[in-house]
Amino acid sequence: MLRIGLTGGLASGKSFVGRALGEMGCLLIEADLLGHQVMAKGAEAYDAIVAEFGAEILDAGGAIDRRRLGKLVFGNPELLDKLNAIVHPRVRARSRRLAEAYAAREPDGICVYEAAIIVETGSFRDYDRLIVAACTEEQQVERAMLRDHLTREEVLDRLRRQMPLEEKVKYADYVIDTSGTKEHTLEQTRTVYASLRSIQQP
């Protein structure tokens, strides 16, 4: 099985590329989705998060309110590190189980792991190839404001805490430029998929 890392920055189009690769036949593992799952009420990270951050992060039904939790940790590197130390190992464990099950079922398959901080954590070394979805910073700002209903200042603040896309692309085996039309992004994604297939089936 071919293991592929897919990354980018805030609103850089990596999820769009990931979904396209999934539709082309790859197994897509989304770190963000797994993060939601491990934080769900009764799931593996729930008790540790509540113990660390208190009941004020819970909604009326006892579930973790991600927006409340986000307001606590963003802008506070120490608290963000504590949250990541709880969530990331559990996400990695879920990801590993999914990948192992897929490898047993599809030994010639392509498994794509989509996550925001593959380069920053050094885990890009764990993959056979790395894809980076990239666009201009101004496009990231506009897209994030529209998608997440954030102010320009909030988006810029988040971008300042991320590794710039121009740094991430230095680690990439493939760069998909998402600054144009969706069709142009899909054309590049199809080309990358064909290349990955050729690696897997020489």
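Heads up: these notes are all about the structure in this document. Only a predicted model underlies this, so the values are computations on that prediction, with no experimental measurement involved.

## What to know about the pattern of salt bridges
Evaluated as defined, the whole model comprises 10 salt bridges. For Asp65, the salt bridge identified is with Arg68, shortest N-O distance 3.4 Å. Shared partners join several salt bridges into a network, and the residues in it are Glu44, Arg94 and Arg97.

## So, the nonpolar core
In this structure, Ile49, Ile64, Leu69 and Tyr113 are the most contacted members of the largest nonpolar core, which totals 30 residues. Contributions of two or more residues to this core are made by helix H2 (31-39), helix H3 (46-53), helix H4 (66-73), helix H5 (77-105), strand S3 (110-114), helix H6 (118-121) and strand S4 (129-134). Ranked by the residues each element gives to this core, the list is headed by H5, at six residues. With residues near it in sequence (within four places) discarded, Leu69 still touches Met39, Ile49, Phe53, Ile57, Ile64 and Leu83.

## Re the side chain of Thr7
With respect to the helices and strands, the residue Thr7 is situated in strand S1 (residues 2-7). Here the side chain of Thr7 touches Ala116 through a polar contact of 3.1 Å, landing on its backbone oxygen. In this structure Thr7 touches Lys14, Ala115, Ala116, Ile117, Ile118, Val119, Leu130, Ile131, Val132, Ala133 and Lys168, once residues within four positions along its chain are discounted.

## Describing the sheet that holds strand S5 (residues 174-177)
Taken in spatial order, the five strands line up as S2-S3-S1-S4-S5 in an open sheet, and their pairing is parallel. The outermost strands of the open sheet, each flanked by one partner alone, are strand S2 (27-30) and S5. Across this sheet, the average inter-strand angle for adjacent strands is 20°, counted without regard to direction. Note: S4 against S5, four bridges, orientation parallel. Bridge pairing links Ile131 to Tyr174 in S5. Seen against the sheet, helix H10 (residues 182-200) touches S1, S3, S4 and S5 and runs at an angle of roughly 160° to S5.

Conventions adopted
- Residues numbered from 1 in each chain as written.
- Predicted model: local features only at pLDDT ≥ 70, side-chain atom pairs only at ≥ 80, totals over all residues.
- Heavy atoms only, no water.
- Salt bridge = Lys/Arg side-chain N within 4 Å of Asp/Glu carboxyl O.
- Core = buried A, V, L, I, M, F, W, Y, C linked by side-chain atoms within 4.5 Å.
- Buried < 20%, exposed > 50% of the residue type's maximum accessible area, 1.4 Å probe, protein only.
- Helix = DSSP H or I, 4+ residues; strand = E, 2+ residues; numbered from the N terminus.
- Contact = heavy atoms within 4.5 Å.
- Polar contact = N/O pair within 3.5 Å; in protein donor to acceptor, adjacent residues only side chain to side chain.
- Pairing = 2+ DSSP bridges.
- Axes fitted to C-alpha atoms, helices over the stretch in contact; angles between N-to-C directions.

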